[in-house]
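Below are the chains, spelled out letter by letter.
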Amino acid sequence: MIDKALMACSGMSLSGAFSVSLEGLNKAAGRVQQAANNIAAATDPANNTDTLDLSTAMVALMEGRNAFAANIKTIQAQDEVQKSLLNLFG
């Protein structure tokens with residue numbers, strides 16, 4: 001019932017929106033992990049990497065962090081919508 005009410009309002013079910021957010025979290029976590037690996041490799045004294053590589057890796061790390069935070073906010077908003085719908089229809 002709640003999914004149907006939300007679907008009528010937004011065109012997407014709660015479970016579908018949650019799945020999209022979880023997929024976003026997984027992708028963001030992967031980006032953070034890859035950026036962290038690149039930073040670790042760039043700071044290795046045996047590795048002759050350019051400062052630009054380290055800067056690029058840091059930007060990628062911050063982008064991953066921001067994407068992760070945005071998906072968390074989306075999940076929190078979905079939780080609030082679900083609570084509101086439960087209060088409305090429950």
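For the structure itself, look to the data block above.
Remember, it's a predicted structure, so these values are computed and weren't measured experimentally.

Rules behind the numbers
Sequence order sets the numbering: in each chain, residues are counted from 1 along the sequence as written. The predicted origin of the model limits local features to residues at a pLDDT of at least 70 and limits the giving and counting of side-chain atom pairs to 80 or more, whereas totals for whole chains, interfaces and linings rest on all residues. The basis for every side-chain value is the complete set of heavy atoms in the structure, and neither hydrogens nor water enter the calculation. One speaks of a salt bridge when a side-chain nitrogen belonging to Lys or Arg is within 4 Å of a carboxyl oxygen belonging to Asp or Glu. Per the convention used, a helix needs a DSSP run of H or I reaching at least four residues, while a strand needs a run of E reaching at least two, with both numbered from the N terminus. The classification of residues rests on relative accessible area computed with a 1.4 Å probe and restricted to protein chains. Under 20% of the type maximum is buried, over 50% is exposed, and intermediate values are partly exposed. Whether two residues touch is decided by their heavy atoms; if any such pair falls within 4.5 Å, the residues are in contact.

Caption draft 1: Structural detail: the pattern of salt bridges. Taken as a whole, this structure holds three salt bridges when the rule is applied. As a salt-bridge pair, Lys27 and Glu23 come within 3.3 Å of each other at their nearest N and O atoms. Taken together, the residues span about one helical turn, with Lys27 and Glu23 both in helix H2 (residues 14-42) at a distance of four residues. Among the residues examined, Glu23 registers a relative accessible area of 44% and is labelled partly exposed. Here Lys83 makes a salt bridge to Asp79, at a shortest N to O gap of 3.5 Å. Here the residue Lys83 and the residue Asp79 both occupy positions in helix H3 (residues 51-89), the gap between them amounting to four residues, near one helical turn. What emerges from the salt-bridge pattern is a single network uniting Asp79, Glu80 and Lys83.

Caption draft 2: Molecular detail of the side chain of Ser21. On the secondary structure map, Ser21 appears in helix H2. Looking at Ser21, the relative accessible area reads 2%, which means it is buried. Residues contacting Ser21, with those up to four places away along its chain left out, are Asn71, Thr74, Ile75 and Gln78.

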